[in-house]
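# Observations on chain architecture
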Amino acid sequence: ARLAEGRIPSLDSPSGTQHLYRAPISTFLADVTTGGLPSALSARYEQLEGKTPDPGEVGAWKHSLPALADVLRDQRLRSSEIFVELWMPLGGYRCDAVLTGQNIDSENAAIVVELKQWTHVAKSKYHNEVWVMNASKLHPCAQVAGYVGALQHSNSAFVDEGVKVKGYICLHNLTDHRATALLRDVDAFGPV
């Protein structure tokens, strides 16, 4: 899915959707360029959760958000907005990012983004999972589909306002073509 210029749909619900960061794309790009975004995310996390974020998560912000920024430098996105680390309505999970704006059909739209630093992926013996870093983990498409479904069924922007939502996976360190082919293998993962 692609977002274009236009009115930015709000993901805020009456009870308030928690997120670590929300800004226009241009501000996000500037914040990534200055390098201060991981510190700001950490401070907001401490404010909301009352504890410091895991060092692995802070490292992921340092490495993955610049990769996402590279994708978002398209001028057609200049009036879109980004949420970083948006809490899902149920279960306490957070998606890495949500972009909001209008799609190429001028409909209010959102794209849920899942960022992965994975460098290698192998087959897992478990349904809809892959072997990564010595553990079986949910296929990223299944993960982002869960986030999309959660938003579609419980956030008023998607339920009442008809905002269109899609998912996007950014595997910015995965250069192994066999691993990419495995993740796209319909025989192994079916509709995922």
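Note that the structure is a prediction, hence the values are computed from the model and not measured.

Rules of the game
- Residues numbered from 1 in each chain as written.
- Predicted model: local features only at pLDDT ≥ 70, side-chain atom pairs only at ≥ 80, totals over all residues.
- Heavy atoms only, no water.
- Core = buried A, V, L, I, M, F, W, Y, C linked by side-chain atoms within 4.5 Å.
- Buried < 20%, exposed > 50% of the residue type's maximum accessible area, 1.4 Å probe, protein only.
- Helix = DSSP H or I, 4+ residues; strand = E, 2+ residues; numbered from the N terminus.
- Contact = heavy atoms within 4.5 Å.
- Pairing = 2+ DSSP bridges.
- Arc of directions from axis to C-beta.
- Expected span 1.5 Å × (residues − 1).

Looking now at the nonpolar core. One finds Tyr 21, Phe 28, Leu 41, Leu 65, Leu 68, Leu 72 and Ile 82 to be the most contacted residues of the largest nonpolar core, which totals 26 residues. Secondary structure elements with two or more residues in this core: β2 (19–24), α1 (25–34), α2 (37–49), α3 (55–71), β3 (81–87), β4 (94–103) and β5 (108–116). Counting residues per element, this core draws most heavily on α3, at five residues. Look past the residues within four positions of Ile 82 in its chain and what remains in contact with it is Tyr 21, Arg 22, Ala 23, Ile 25, Phe 28, Leu 68, Leu 72, Ala 97, Val 98 and Leu 99. If you look at the next biggest cluster of nonpolar residues, it comprises 16 residues, including Leu 86, Met 88, Val 98 and Ile 169.

Most of β3 sits out of view: seven of its seven residues are buried. Across five bridges, β2 lies against β3 in antiparallel orientation. Looking at β3, one finds that Tyr 21 is bridged to Val 84. Here β3 runs beside β4; their pairing, made up of six bridges, is antiparallel. Looking at the pairing, Val 84 lines up with Ala 97 of β4. In sequence, β3 turns back onto β4 through a hairpin of six residues, with Gly 91 there showing a positive phi of about 90°.

Overall, antiparallel pairing links the three strands, which are arranged β6-β7-β8 in an open sheet. The sheet is open, and its two borders are formed by β6 (122–123) and β8 (135–138), each paired with just one other strand. In this sheet, strand β7 (residues 129–132) lies alongside β6 in antiparallel orientation, the contact comprising two bridges. Paired with Ala 122 across the strands is Trp 131, a residue of β7.

Residues of α1 that are buried include every one of Ile 25, Phe 28, Leu 29 and Val 32, and no others. The buried residues of α1 all sit within an arc of 100° when viewed along its axis, so they share a single face. Lining the buried residues of α1 we find β2, α2, α3, β3 and β4. In the segment just after α1, Gly 35 is the residue with positive phi, at about 85°.

When the terminal C-alpha atoms of helix α4 (residues 140–154) are compared, their 21 Å separation across 15 residues agrees well with the 21 Å that a helix rising 1.5 Å per residue should span. Taken residue by residue, α4 has Pro 140, Ala 142, Gln 143, Val 144, Tyr 147, Val 148, Gly 149 and Leu 151 as its buried positions.

This paragraph deals with the pairing of β5. For β5, the tally of buried residues reaches nine of nine residues, placing the bulk of the element in the interior. Residues Asn 108, Ala 110, Val 112, Glu 114 and Lys 116 of β5 are buried on one face, and the alternating residues Ala 109, Ile 111, Val 113 and Leu 115, pointing to the opposite face, are buried as well. Of the pairings in the sheet, the one linking β4 to β5 comprises six bridges and is antiparallel in character. From the neighbouring strand, Thr 100 faces β5, where its bridge partner is Ala 110. In this antiparallel pair of consecutive strands, β4 and β5, the connection spans four residues, and Ser 106 shows a positive phi of 60°. As judged from the eight bridges shared by β5 and strand β9 (residues 164–171), these two strands associate in the parallel manner. When the sheet's bridge partners are listed, Glu 114 is paired in β9 with Ile 169.

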